[in-house]
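Residue strings, one per chain:
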Amino acid sequence: MAISFNETNKVFKLDAGASTYAFMIEPNGYVAHLYYGPEVASDAFAYLYRPMERAFSPAAPGTTAPESRDVILQEFGTNGVGDFHAPSIIVRQGNGHTVTDFKYRSHQIRKGKPALPGLPATFGSDDDVDTLELSLYDEASDVEILLRYSAFRKYNAIARSVQVVNHSAETVHLEKIASAALDFADGLLDLIHLPGAWARERSVERHPVNHSRTVLESVRGLSSHQQNPFFALATPETTERNGEIFGAALLYSGNFAAEIELDQFNQLRAQIGINERTFEWTLAPGESFTAPEVLLVYSRDGIGGMSRTFHDMFRNHLIRSYWKDLKRPILVNNWEATYFDFDAKKLLSIARDAADLGIEMLVLDDGWFGRRNDDRSSLGDWFVNEEKLDGGLGKLVKEVNQLGLKFGLWFEPEMISRESELFRAHPDWCLHVPGRGASEGRNQLVLDMSRPEVVDYLYETICKVLDSANIEYIKWDANRHLTEVGSAVMPADRQKEVSHRYVLGMYELHERLLKRYPKLLIEGCSGGGGRFDAGMLYYVPQIWTSDDTDAIERLKIQYGTSLVYPCSTMGAHISDCPNHQTGRINPFATRGYVALSGTFGYELDLNKMNDEERAEIRKQVAAYHKYNHLVAQGDLYRLTDPFNPGTVVVIWEHAAKDGSEALVTMVQPRNVPNGQLFRVRLCGLDPAGVYKEEKSGVCYTGEMLMNAGLNVPRYERDGAGELFHFVRI
Ligand code: GLA
């Protein structure tokens, strides 16, 4: 067992890979956090417990002044008994009060890891993971919280989740519930997080924490482009390659908040969970609430080490899809080729070129349904527009299949246009607040996914489409954020449940579709990468990373995304030039090098390609088949940082886990005349191995490549790039 409890010193010790996490039951019954860091064999951590009298730190009833909650590091913050940090839980009781005082009641340690009802969760066999369930109890309210910790044996990863149970005879209201709280004794750390915007998702920001409470959040209904449900805390000296870092990724796709608070003693509390601003949950007697899971990762090998652990955990213990270890079909998507202006003839002519060039799937994007010829109508009317697609999807898909291509289709299940048959039939199915107008985004409203009949309607309608033709892939989009989040069917005192119920309804629709179509490949999307989170990866193995397909912009977007999410999950396509988002012109080959680091495909009009471009496509298709195993299953090393203004060439490496080969990609965003000359050291190779670089035929030892490095070539034009393939001989 990787989890132990010592009856004598009352210490719980969790060993996850090469990391250890420890806490203890205090003599007064509270649970004090002791340690999280590199592995330690002994469990004698109790000496770290530090009661200390402070004049302005009140002691909770039945405790002495030095044991004040103000100074003791805890596993879960209490409310109203002297812990002045942001609480981890707020329960409003029948008497209107919100004070709670949770103390140890019991615990259970078991092999394996239970699933979370209706929520995404990491999984593992009895040999992979052990779980501790710690019961804390507040006597006055008769409410229990179950803190679950699952320690993965092979990885420095601990999954945590929380369940709240109302044992009392009265209804209580949960106003806040964090999924995990993490207290640090030495809180002078750097906060790393991933803010962004539409078409500029997941920039990397890093700054020292200060004596305040920082909140990273989404209140947009979806996890959002603007902040990702992730944060990391690193020691100031930590770099990409070295040093300590703690990362936390929330497995949730709705409104979240991460709170990071450095206190007067330089102790720090970090927590993450559902955003309390848009949340409340009614718990009737006997009812319970399960909060989403958070995955904690510890690394001593810098930011890169943390990322590689997240990647392995997500690939092996989160993504369930049939496709997770399979090579994804190279696709061509018609969006940037045609936008809404297509018919069956045009699609088939793209498909014919695709087949000739070795592309494996045609994806029909927005505009195939209802009367949708622009973005003002028809969302919700998921039946084919026969004016555009004569003979329906059955005929089109058959013809596409006959060309040897698979077929994929775009949906935006959660949305509804005012101008639609669905809206005329069910005007109250959208999120709205009676007596107020409903804000529109991209001319559309949002369906109330908290209503079971809405989920049923979508399930049945989508199944009908999927059953009508051989559709092997869907792109599941969501092109606006949520406003006027009210449900026509929820009572007044439960309207604050709707944001979370929306997410549960969306997850349920995914779950039902996956059950019925286990081999269906689903790509998540929300105006590009606006719902790129670990929660979604439980349902979909890949997500469209950004609507910005400019290869140079993608260097940053894919770098930031890769801090947490594996390359096998990142939708990356080669698109037209001048680029539709930035107007820039980048070499065709470079667009390929960048897209090869994701799921790979095309988003342009193949009919317009000249001979040179067609030849390049054939090369890119061959490169995908040759290198994709390294990208999808290997280790990612980010060798230079595109966010650093001093970076002249952006370089990254995909190395085979066994060190047998590596693919190194170099892209120079801008040509800097007489720019700096430098070397780059590779990673993840076998020091004693001899590697041949395929293009040049030059041989190097692994030690040489990793210690002395390579001279980075000088490129003479903006956007130039190159691939280097090293194979151990
Ligand atoms: C979103 C997606 C695009 C495309 C359009 C269609 O913006 O991110 O890829 O599917 O919607 O309307």
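Source: prediction; values computed, not measured. For every chain, the first residue of the written sequence is number 1, and numbering continues from 1 onward in sequence order. Where local features are concerned, this predicted model is filtered to residues with pLDDT of at least 70; where side-chain atom pairs are given and counted, the filter is 80 or more; whole-chain, interface and lining totals use all residues. Hydrogens are left out, water is left out, and the side-chain values use all remaining heavy atoms of the structure.

1. Observations regarding the site of the ligand
Point 1. We call a residue near a given molecule or strand whenever any one of its heavy atoms falls within 4 Å of it. Neighbouring residues of the ligand: 13 residues in total, closest Asp 365, Asp 366, Lys 475, Gly 528 and Asp 547.
Point 2. Here an oxygen atom of the ligand and a side-chain polar atom of Arg 442 are 2.9 Å apart.
Point 3. Polar contact criterion, stated in full: a pair of N or O atoms within 3.5 Å, where within protein one must be able to donate a hydrogen and the other to accept it, and residues adjacent in sequence count only if both atoms are side-chain atoms. Contact between the ligand and Lys 475: an oxygen atom at 2.7 Å from a side-chain N or O atom of the residue.
Point 4. Only the protein chains shown count as cover for residues, and all accessible areas are computed by the Shrake-Rupley method using a 1.4 Å probe. Compared with its free state, where it exposes 310 Å², the ligand has 95% of that area covered by protein.

2. With respect to the nonpolar core
Point 1. Phe 314, Trp 368 and Leu 393 are the most contacted members of the largest nonpolar core, which totals 195 residues.
Point 2. Definition of nonpolar core: a set of buried residues of the types Ala, Val, Leu, Ile, Met, Phe, Trp, Tyr and Cys, connected through side-chain atoms within 4.5 Å. Buried, partly exposed and exposed residues are distinguished by accessible area as a fraction of the type maximum, computed with a 1.4 Å probe on protein chains only: under 20%, between the cut-offs, and over 50%, respectively. Counting residues in hydrophobic clusters, the runner-up holds 23 residues, among them Tyr 637, Leu 705, Leu 710 and Phe 724.

3. Describing helix H7 (residues 498-516)
Point 1. Under the 1.5 Å per step criterion, the end-to-end length of H7 is 27 Å for 19 residues, consistent within 8% with the ideal 27 Å.
Point 2. Numbered from the N terminus, helices here are DSSP runs of H or I no shorter than four residues, and strands are runs of E no shorter than two. The complete set of buried residues in H7 reads Val 498, Ser 499, His 500, Tyr 502, Val 503, Gly 505, Met 506, Tyr 507, Leu 509, His 510, Leu 513 and Leu 514. Helix span is expected to be 1.5 Å times the residue number reduced by one.

4. What about unusual backbone geometry?
Point 1. Here the bond from Cys 577 into Pro 578 is cis, since omega is -5°, no more than 30 degrees from zero.
Point 2. Along the chain, the position of Pro 578 falls in the loop between strand S30 (573-575) and helix H10 (588-595).
Point 3. One non-glycine residue, Asp 142, lies in the positive phi region at around 60°.
Point 4. When you line up the elements, Asp 142 lands in the loop between strand S7 (129-138) and strand S8 (143-152).

5. Here's the deal with the packing of aromatic side chains
Point 1. Any pair of Phe, Tyr and Trp rings, taking the six-membered ring for Trp, is counted once the centres come within 6.5 Å. Such a pair is stacked with planes under 30 degrees apart, edge-to-face with planes over 60 apart, and tilted for the rest. Applying the stated criterion across every chain yields a total of 36 aromatic pairs.
Point 2. Consider the rings of Trp 335 and Phe 340, whose centres lie 5.2 Å apart with planes at 90°: the pair is edge-to-face.
Point 3. Overall, Trp 335 belongs to the buried group, its relative accessible area being 17%.
Point 4. Considering the side-chain rings of Tyr 700 and Phe 726, the 5.9 Å spacing of their centres and the 65° angle between planes classify their relative orientation as edge-to-face. Taken together, the positions of Tyr 700 in strand S37 (residues 699-701) and Phe 726 in strand S39 (residues 720-728) put the pair 26 residues apart, joining distant regions of the chain.
Point 5. For Tyr 700, a relative accessible area of 22% translates into the label partly exposed.
Point 6. One Lys or Arg, Arg 105, reaches over the ring of Tyr 137 and ends 4.1 Å from the middle of that ring. Think of it as a cone above the ring: NZ of Lys or CZ of Arg counts as a charge over the ring if it is within 6 Å of the ring centre and within 35 degrees of the ring normal.

6. Description of the side chain of Thr 561
Point 1. Within the secondary structure layout, Thr 561 lies in helix H9 (residues 551-561).
Point 2. In this structure the side chain of Thr 561 is engaged in a polar contact, spanning 2.8 Å, whose partner is the side chain of Arg 202.
Point 3. Contacts are assigned to residue pairs that have any heavy atoms within 4.5 Å of one another. Residues within four places of Thr 561 in sequence aside, it is in contact with Arg 202, Phe 532, Thr 545 and Met 570.

7. Re the state of the cysteines
Point 1. Cysteine sulfur atoms are paired as a disulfide whenever they come within 2.5 Å of each other. This structure, assessed with the given rule, holds zero disulfides.
Point 2. In this model Cys 525 remains outside any disulfide bridge; the closest cysteine sulfur is found in Cys 567, 19 Å from its own.
Point 3. Cys 525 gets classed as buried once you look at its relative accessible area, which sits at 3%.

8. What about the packing of helix H3 (residues 344-357) against helix H11 (residues 611-633)?
Point 1. Closest axis-to-axis distance for the H3/H11 pair is 9 Å, and the angle between their directions is 60°. Regarding the angle of H3 to H11, the classification is oblique. Contacts between H3 and H11 involve Asp 353, Asp 356 and Leu 357 from the former and Arg 614, Ile 617, Arg 618 and Val 621 from the latter. To get an axis, fit a line to the C-alpha atoms, keeping to the stretch in contact for a helix; angles then go from 0 to 180 degrees between the N-to-C directions. Angle categories: roughly parallel below 35 degrees, roughly antiparallel above 145, roughly perpendicular from 65 to 115, and oblique for all the rest.

9. Points about the pattern of salt bridges
Point 1. The salt bridge definition used is simple: a Lys or Arg side-chain nitrogen within 4 Å of an Asp or Glu carboxyl oxygen. Counted under the stated rule, the structure contains 50 salt bridges.
Point 2. Where Lys 176 meets Glu 276, a salt bridge forms, and the shortest distance between an N and an O atom there is 3.3 Å. A residue pair is termed long-range when its members are at least 10 positions apart, and Lys 176 in strand S10 (residues 172-184) and Glu 276 in the loop between strand S17 (268-274) and strand S18 (281-283) qualify at 100 residues.
Point 3. Owing to a relative accessible area of 5%, Lys 176 belongs among the buried residues under this scheme.
Point 4. Using a relative accessible area of 30% as the deciding quantity, one classes Glu 276 as partly exposed.
Point 5. Among the charged side chains, a network of salt bridges with common partners joins Lys 176, Arg 213, Glu 259 and Glu 276.

10. Some points on the sheet that holds strand S27 (residues 521-524)
Point 1. Pairing within the open sheet is parallel, and its nine strands lie in the order S29-S28-S27-S26-S23-S22-S21-S31-S30. Two strands bound the open sheet, and with one partner strand each, they are strand S29 (570-571) and S30.
Point 2. Pairing analysis gives four bridges linking strand S22 (residues 361-364) to strand S23 (residues 406-411), with the strands arranged parallel. When the bridges of S23 are listed, Leu 364 appears paired with Leu 409.
Point 3. Against the sheet, helix H4 (residues 392-402) makes contact with S22 and S23, and its axis sits at roughly 140° relative to S23, the strand it touches most. DSSP-based pairing: two strands are paired if at least 2 bridges between them are found.

11. Details of the sheet that holds strand S36 (residues 690-693)
Point 1. In spatial order, the strands read S32-S33-S34-S39-S36-S37; together these six strands make up an open sheet with antiparallel pairing. Edge positions in the open sheet fall to strand S32 (635-638) and S37, since each of these has one partner strand only. Shown here is a sheet whose adjacent strand axes are inclined to one another by a mean of 25°, direction ignored.
Point 2. Taken together, the three bridges between S36 and S39 define a ladder with antiparallel strand orientation. Bridging from a neighbouring strand, Tyr 691 pairs with Arg 728 of S39.
Point 3. Across the sheet, H11 is in contact with S32, strand S33 (650-655), strand S34 (661-668) and S39; its angle to S34 comes to roughly 90°.

12. A look at the side chain of Arg 480
Point 1. Mapped onto the elements, Arg 480 comes out in the loop between strand S26 (473-476) and H7.
Point 2. In this tally, Asp and Glu contribute negative charge and Lys and Arg positive charge; neither His nor the terminal groups of the chain are included. For Arg 480, which is buried and forms no salt bridge, the nearest opposite charge comes from Glu 484, at a distance of 5.1 Å.
Point 3. Only 2.6 Å separates the side chain of Arg 480 from the backbone oxygen of Gln 444, close enough to count as a polar contact.
Point 4. Here Thr 483 takes part through its side chain, which lies 2.8 Å from a polar atom of the side chain of Arg 480.

13. Quick look at the packing of helix H6 (residues 452-468) against H7
Point 1. Where H6 meets H7, the closest approach of the two axes is 10 Å, and the angle between their N-to-C directions is 35°. Between H6 and H7 the crossing geometry is right-handed. Listed contacts from H7 to Val 455, Asp 456, Leu 458, Tyr 459, Ile 462, Cys 463 and Asp 467 of H6 are Gly 505, Glu 508, Leu 509, Arg 512, Leu 513 and Arg 516.
Point 2. Here the contact of H6 with H7 is composed, by residue class, of seven nonpolar, one polar and five charged. Helix crossings get a hand from a simple test, with the near helix turned counterclockwise from the far one by less than a right angle marking a left-handed crossing and a clockwise turn marking a right-handed one. Under the convention adopted here, Pro, Cys and the residues Ala, Val, Leu, Ile, Met, Phe, Trp and Tyr are nonpolar, Asp, Glu, Lys and Arg are charged, and Gly plus all remaining residues are polar.

14. Some remarks on the domain arrangement of the protein
Point 1. The domain architecture assigned to the protein consists of domain 1 (3-317), domain 2 (333-540) and domain 3 (638-728).
Point 2. Domain borders in the structure are assigned automatically or taken from a domain database. Averaged C-alpha coordinates put domain 1 and domain 3 at centres separated by 39 Å.
Point 3. Buried area is calculated as the accessible area (1.4 Å probe) missing from two parts once they are joined, with the contributions of both summed. For the pairing of domain 1 and domain 3, the buried interface totals around 600 Å² over both sides, and the portion due to carbon and sulfur atoms is 36%.
Point 4. Three residues stand out in domain 1 for area buried against domain 3, namely Val 204, Glu 240 and Arg 241, and they jointly supply 65% of the buried area on that side.

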